[in-house]
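# Chains, contacts and geometry: an overview
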Amino acid sequence: MLDFTEYTKILLGLIAILNPIGAIPIFVTLMRGETDRRRNTIARTVVVTVCLILLAALFFGQILLDFFGITVGSFRVGGGILILLMAISMMQARRSPVVQTQAEAQESESKEQVAVVPLSMPLLAGPGAISTVIVYSHRGTDLMHYVCVGLIIVIVSLLLWMILKSVPWLSRHMSQTGINIFTRIMGLILAAIAVEFIANGLKGLFPVLAGSG
């Protein structure tokens, strides 16, 4: 197991990459005209789907890497670059095309079922979040490490549930400027995490770099 500080970093990292506050305007747009009951049903479906996707990435991510013959080091570098691109967009208070293109956003507004696609995947539990979970799963090898990361995923999912349940209140009391400020802060945190991923990945691919530090 890692120490408490490392698991706190994992928690903050997942919150930053999911950015549930930043998803509020999209949720409000897609839920326009829906009843409170249906809105709560869709929110519950979103939370359960996000949790299951991230847990699947935690426990089966290594199988996926082995299937494609991808090393952990190269995956860290690739995942870090992906997360860095998302972070740069977040620091500009806009949604990265890595998460959702403009065409996909327009298509999603006409879909009847939006809880799984696009809300759960790719807006929240997208490539960046999945990559983050897989990378963090390799920070430890014992069962307790996986249990702790799984518990963090559940905690983040509960936080997401609380935010989605509070969307009507938040949309009335939180301005777009406030959402943009929060998104930029999360983007800055995410950029630091991405650089750490890339640095550790390069050290794994080129051990001489680890020795030079």
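Data block above holds the structure.
Since this is a predicted model, take the numbers as computed values, not measurements.

Close approach of charged atoms lets side chains of opposite charge pair. Applying the stated criterion to the full structure yields 5 salt bridges. The residue Glu6 makes a salt bridge to Lys9 at a minimum N-O spacing of 4.0 Å. Of the two residues, Glu6 and Lys9 are both situated in helix H1 (residues 4-18); the distance of 3 residues between them amounts to about one turn of the helix. Overall, the relative accessible area of 18% leaves Glu6 in the buried class. Ionic pairing is found between Arg139 and Glu6, a salt bridge with its closest N-O pair at 2.5 Å. With Arg139 in the loop between helix H7 (127-137) and helix H8 (143-165) and Glu6 in helix H1, the pair connects residues that are 133 residues apart, well separated along the chain. The partly exposed category is assigned to Arg139, whose relative accessible area is 26%. One network of salt bridges, in which partners are shared, links Glu6, Lys9, Arg139 and Glu196.

Here we come to H1. In a regular helix each residue adds 1.5 Å, so 15 residues correspond to 21 Å; H1 covers 21 Å between its end C-alpha atoms and thus fits that length. Taken residue by residue, H1 has Glu6, Tyr7, Ile10, Gly13, Leu14, Ile15, Ala16, Ile17 and Leu18 as its buried positions. Buried-residue contacts for H1 involve helix H3 (36-68), helix H4 (72-91), helix H6 (115-124), H7, H8 and helix H10 (176-205).

Take H7 next. In terms of burial, H7 is a largely internal element, 9 of the 11 residues being buried. The set of residues buried in H7 consists of Gly128, Ala129, Ser131, Thr132, Val133, Ile134, Val135, Tyr136 and Ser137. Considering only its buried residues, H7 is in contact with H1, H3, H4, H6, H8 and H10.

Next up on the list: the packing of H1 against H7. Their axes nearest at 9 Å, the elements H1 and H7 cross at an angle of 165°. One finds that H1 runs roughly antiparallel with respect to H7. Regarding H1 and H7, the two cross each other, and that crossing is right-handed. The segment H1 lies against H7, with Lys9, Ile10, Leu14, Ile17 and Leu18 engaging Gly128, Ala129, Thr132, Val133 and Tyr136.

Now for the side chain of Thr132. Its location among the elements puts Thr132 in helix H7. Contact partners of Thr132, with chain neighbours within four places excluded, come to Leu14, Ile17, Ile83 and Phe197.

Rules of the game
Each chain has its residues counted from 1, following the order in which its sequence is written. Only residues with pLDDT of 70 or above have their local features reported here, since the model is predicted, and side-chain atom pairs are shown and tallied only from 80 upward, although totals for entire chains, interfaces and linings are computed over all residues. Hydrogens and water are ignored here; the side-chain numbers use all heavy atoms of the structure. Each salt bridge in this description consists of a side-chain nitrogen of Lys or Arg and a carboxyl oxygen of Asp or Glu lying within 4 Å of one another. A run of H or I in DSSP becomes a helix once it reaches four residues, and a run of E becomes a strand once it reaches two; helices and strands are each numbered from the N terminus. Exposed residues in this analysis have more than 50% of their type's maximum accessible area, buried residues have under 20%, and partly exposed residues fall in between, with area computed by a 1.4 Å probe over protein chains only. Take the residue count of a helix, subtract one, and multiply by 1.5 Å to get its expected span. Contact definition: two residues touch when any of their heavy atoms are within 4.5 Å. Axis geometry follows a simple rule: fit a line to the C-alpha atoms, using only the stretch in contact for helices, then measure angles between N-to-C directions, giving values from 0 to 180 degrees. When an angle is under 35 degrees it counts as roughly parallel; over 145 it counts as roughly antiparallel; between 65 and 115 it counts as roughly perpendicular; any other value is oblique. Throughout, a crossing is termed right-handed when the near helix is turned clockwise from the far one, and left-handed when it is turned anticlockwise from it by less than a right angle.

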